[in-house]
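# Structural description and commentary
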Amino acid sequence: MDVRTDKISIDAVSKQFIAASGHKVEALRDVSLSIGENEFVCVVGRSGCGKSTLLNMVAGFLKPSSGSILVDGKQIEGPGKGKGVVFQNLALFPWLTARKNIEFGCKQKGMSESERNQLSTELIDLVHLNGFEDKYPFELSGGMQQRVAIARALAIDPIILLMDEPFGALDEQTRMVMQTELLQIWSSRKKTVVFITHSVSESIVLADRIIVLGTNPGHLKREFKVTLERPRDRLSVDFVKLEAEVQDALD
Amino acid sequence: MNDTSKSRDYLISISAVILFLVVWQLAATAGVINRNILASPFDLAILGAQQVVDGTIFRHTLVSLSRVISGFTIGAVLAIILGLAMGNSERFRIIINPIVEVLRPIPPLAWIPLAIIWFGIGETSKIFLIALTSFFPIVVNTFKGVTGLDRTLLRAARSFDVTPRKMLWQVALPAAMPDISTGLRVGWSLALAVLVAAEMIAAKSGLGFLITEAMNLGRFDMVVFGIVVIGIVSVATDALLRAFIGRYLLFWHRGLDSAGG
Amino acid sequence: MPLTNQNIEEPVSESGAADVVSKSFLNTHQWLQPVIVFAILLGVWEILSRVGMLDPFFMPPPSTLAQTLVELITEGFPENILLHTHILVTLKRSIIGYLIAVALAIPIGILIGYFQVLDIATQPFVTFGRSTAPISILPLFIAVFDIGEVSKIALITFACFWATVTNTIAGVKFVDPILLRAAQSMDTSRIRTFVEVILPAATPRIFAGLKVSLAIAFMVIVAAEMIATVFGLGALINEARTWFRTDITMVGMFVIGVIGYVASIGLDRLEHRLIPWSQASRSSE
Ligand SMILES: Nc1ncnc2c1ncn2[C@@H]1O[C@H](COP(=O)(O)OP(=O)(O)OP(=O)(O)O)[C@@H](O)[C@H]1O
Ligand SMILES: [Mg+2]
């Protein structure tokens, strides 16, 4: 493994919410984590342990209640600026077709229409949405919508890619194809990826490092370095062994 | 939202209202607006005080309110029963739904003449009109609520061998309650507005009557006062109704959110 | 066995072939059901009138109503004002008032919805305005604009304004925050977020406001026409009452219902055209 400089450093971050009832909900407590440049990190943990909260803080949507999050050694100032996000509940613009959704970010950058068109065509190919590019989100299946959301995040060619259970609604087949595509993009374009998933095996297929969050309140429970050679064989002894270990840490 | 920002909001709202009243008063005093038509806030306050002291306004308000309440109760009960029946019985739906759909586009105020023909200008015609006005929004929403029932919810209930009767009371009705509540609120505010119109066109008492009478006497300060009272009654009763719904009908629900206008 | 049971889910497996056949028959002939219901209803109504069980003064039979409709079209009432004149007068008043209201309410609503301070400051006024009984304002408008057309149009404008403005404010204010986040994550400027996210996201609610307002316009104009005019459908049905012409009142109501129905269908179509993507959220309406 090559030594990397820190791309994202999360330092003693805690987050509390004030729930509608007025009570304080402690979502995360004292999480510290460094993510290297071009590293692929998967975050796993029980539902409600604060995975999305952590991701939203890195994305710049939420401010930590205490602690700090640095990107390239600088305090993050807000969303955007090279941080692409795939949202857990997708957040596709319902009034835009799949293609227009994908092109949205490039349009903001001022890319010309023909360039945009070419890029979105490539991405539509990549996520296998040919034939559906002119459909509105409500006309697409859950899995298709998810793929639009992924393509939209990739379209702005982000340096940091933050993905919240992006493959959750996909069937096993498509999911595996998408995993391969994602790894392909990651290794060819060099991005730092934070990827939330509920699937332990998915995290092992993808990650350089797996972060296990514990619940009540959310905290850093364990870390696993995944040193297996890519592409990873799900049936290999080491894979299965690691899978059991991570699963164990989760329970 | 925390307490400080909430009180800040109140402060802004109240200042806006005060500013509005001050500008209005100044405009009236300076003669920019015709005081014979639009009385100044100060004049209105005095008029209001008189009316409150001699009780006239309460009498008219009570008359109007009791009309709306009786008509609304009849309309709502009928609408909920019919709506539930339509949702649960196919045969019933086939017969009732077309009739509802044909009558629904007729605006309630257009029923006023017919109501007078059928029941005269007395209480019955007003109660009929109000019942009718509240009926349509409630029946449509109830029906929508029952038919829009979450299929998985139904299936879940079935899998527990719930009897049809229990199904109605313990699954269908509670699940339709948010829609029914919407219907109730829409029906109520519509009913109030319709009653005022009906009272303006043919009545001998009530807030609508107060306004027409004032108009005929050229007392526009009374007209404005009447408008304000109707507005207050409407806001207050809607708040009451909302509290009632939240307390007794939707207590299990997350509370009424601000959706829907 | 119910015919088309869409309401409560039936297991498909047991129902068998006969049920499938009857279902598809009824699905292709669904318009038949209400037609049959109405045929029976009108028939019974007619017969009850003929045998004297329904007083024709209170409930004129359908045959009379049909004749009355012809009479209204060819001879007119009152003072020989033909039906189409009434319709045009009513339509003109309500459409002008409605359009003015919409032209005012949408920009104002967008402003209020976008700037939180404005929203908080105007909330008492909006709540109050929305709660006033529109007709109660009529005397004031008559005093200001006199009893003619202007006061009626002003009344429609007033009545429609509140429903449109409320919905517009809500549309702009309650944009799904996740969509705003999505836009932020793609470095969208404030202005472009407003134009490309907030405005389109608000359109379904604005449309809902337009529909409600149209119904209000129609309701209010009919009532306004009952006061001091002989032109318009409201005048028609109220004049007829004072002349004990129940048949005319009922036909007039029918015409009002048809126009209201056509107008709301028209708006539905327009909505479908302009914002096809909101179909999903609309189908529940
Ligand atoms: N805006 C909020 N207001 C109040 N509480 C919140 C808010 N957002 C999250 N929470 C709470 O914080 C905790 C963590 O939520 P979060 O969405 O981060 O979980 P998660 O790990 O992503 O769960 P899942 O796997 O189900 O997506 C939960 O207890 C949740 O109820
Ligand atoms: Mg989550």
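Residues numbered from 1 in each chain as written. Chains lettered and ligands numbered in written order. Predicted model: local features only at pLDDT ≥ 70, side-chain atom pairs only at ≥ 80, totals over all residues. Heavy atoms only, no water.

## Here's the deal with the interface of chain A and chain C
A common way to report how large an interface is uses the accessible area buried once the components associate. Taken residue by residue, the interface counts 24 residues in chain A and 19 residues in chain C. A buried area of about 2,000 Å², summed over both sides, lies between chain A and chain C, and 68% of it is on carbon and sulfur atoms. When the buried surface of chain A facing chain C is broken down by residue, Trp 95, Gln 108 and Phe 138 of chain A rank first, second and third, together holding 33% of it. Joining chain A to chain C, the criterion identifies one salt bridge. Lys 107 of chain A is paired through a salt bridge with Glu 196 of chain C; the nearest N and O atoms lie 3.6 Å apart. Put simply, chain A and chain C have four residue pairs in polar contact (both at pLDDT 80 or more) between them. Only strand 6 (83–86) and helix 2 (98–109) of chain A provide two or more residues apiece to the side of chain A that touches chain C. With four residues, the top contributor of residues to the side of chain A that touches chain C is helix 2 of chain A. In the side of chain A that touches chain C, the residues fall into 14 nonpolar, six polar and four charged. (Contact = heavy atoms within 4.5 Å. Buried area = accessible area lost by both parts, 1.4 Å probe. Salt bridge = Lys/Arg side-chain N within 4 Å of Asp/Glu carboxyl O. Polar contact = N/O pair within 3.5 Å; in protein donor to acceptor, adjacent residues only side chain to side chain. Helix = DSSP H or I, 4+ residues; strand = E, 2+ residues; numbered from the N terminus. Nonpolar A, V, L, I, M, F, W, Y, C, P; charged D, E, K, R; others polar.)

## Comments concerning the interface of chain C and chain B
Contact with chain C, which involves 56 residues of that partner, is made by 60 residues of chain B. Seen at the junction of chain C and chain B, the total is zero salt bridges. Inspection of the region where chain C meets chain B yields three residue pairs in polar contact (both at pLDDT 80 or more). For the side of chain C that touches chain B, the secondary structure elements donating two or more residues are helix 2 (32–50), helix 5 (116–131), helix 6 (138–145), helix 9 (190–224), helix 10 (233–242) and helix 11 (246–274) of chain C. Looking at the side of chain C that touches chain B residue by residue, the classes come out as 38 nonpolar, 15 polar and three charged.

## Some words on the packing of helix 5 of chain C against helix 7 (residues 149–173) of chain C
Residues and elements named next belong to chain C. Axis separation between helix 5 and helix 7 bottoms out at 10 Å; the angle between their running directions is 145°. Here helix 5 and helix 7 pass one another in a crossing that is left-handed. Counted together, Asp 119, Gln 123, Phe 125, Val 126, Gly 129 and Arg 130 of helix 5 and Trp 162, Val 165, Thr 166, Ile 169 and Lys 173 of helix 7 form the full contact between these two elements. Residues that form the contact of helix 5 with helix 7 fall into these classes: five nonpolar, three polar and three charged. (Axes fitted to C-alpha atoms, helices over the stretch in contact; angles between N-to-C directions. Left-handed = near helix turned anticlockwise from the far one by under 90°.)

## Re the site of ligand 1
Residue and element names in this part refer to chain A. Close to ligand 1 lie Phe 17, Ala 27, Ser 47, Gly 48, Cys 49, Gly 50, Lys 51, Ser 52, Thr 53, Gln 88, Glu 165 and His 198. In the environment of ligand 1, an oxygen atom lies 3.2 Å from a nitrogen or oxygen atom belonging to the backbone of Cys 49. In the model, an oxygen atom of ligand 1 is placed 2.7 Å from a nitrogen or oxygen of the Lys 51 side chain. Here ligand 1 loses 64% of its free accessible area of 630 Å² to cover by the protein chains. Take the shell around ligand 1: its biggest share by element is three residues, from helix 1 (residues 51–59). Per-class residue counts for the shell around ligand 1 are three nonpolar, seven polar and two charged. (Near = heavy atom within 4 Å. Areas by Shrake-Rupley, 256 points an atom, 1.4 Å probe, with all protein chains shown as cover.)

## Comments concerning the sheet that holds strand 3 (residues 40–45) of chain A
Pairing between the strands of a sheet comes from backbone hydrogen bonds, and it takes one of two forms, parallel or antiparallel. Residues and elements named next belong to chain A. Taken in spatial order, the six strands line up as 6-7-8-3-9-10 in an open sheet, and their pairing is mixed. One side of each edge strand has no neighbouring strand; the edge strands of this open sheet are strand 6 and strand 10 (219–225). When the angles between neighbouring strand axes are averaged without regard to direction, this sheet yields 15°. Lying over the sheet, helix 1 contacts strand 3, strand 6, strand 7 (160–164), strand 8 (192–196) and strand 9 (209–214), oriented at roughly 155° with respect to strand 7. (Pairing = 2+ DSSP bridges.)

## Focus: the packing of aromatic side chains
Each aromatic ring pair is summarised here by two numbers: the centre-to-centre distance and the angle between the ring planes. All names here are of chain B. Per the counting criterion, the structure on display carries 24 aromatic pairs over all chains. With 5.1 Å between their ring centres and 85° between their planes, Phe 72 and Trp 188 make a pair best called edge-to-face. Residue Phe 72 is found in helix 3 (residues 56–88), and its partner Trp 188 is found in helix 8 (residues 164–201); the two are separated by 116 residues along the sequence. Each member of the pair, Phe 72 as well as Trp 188, carries the same accessibility label: buried. (Phe/Tyr/Trp six-rings, centres within 6.5 Å; stacked < 30°, edge-to-face > 60°. Buried < 20%, exposed > 50% of the residue type's maximum accessible area, 1.4 Å probe, protein only.)

## Here we look at the domain arrangement of chain A
Residues and elements named next belong to chain A. Per the domain assignment, the segments making up chain A are domain 1 (6–82 + 159–250) and domain 2 (92–157). Placing a centre on the C-alpha atoms of domain 1 and another on those of domain 2 gives a separation of 24 Å. At the junction of the two partners, domain 1 supplies 16 residues and domain 2 supplies 11 residues. Looking only at domain 1, the three residues that lose the most surface to domain 2 are Met 178, Glu 181 and Ile 185, adding up to 32% of its buried area. The interface formed by domain 1 and domain 2 includes two salt bridges. The residue Lys 191 makes a salt bridge to Asp 157 at a minimum N-O spacing of 2.5 Å. Looking at the side of domain 1 that touches domain 2, the elements that each hand over two or more residues are strand 7 and helix 5 (172–189). Residue contributions to the side of domain 1 that touches domain 2 peak at six residues, all from helix 5. (Domains from an automatic or database assignment.)

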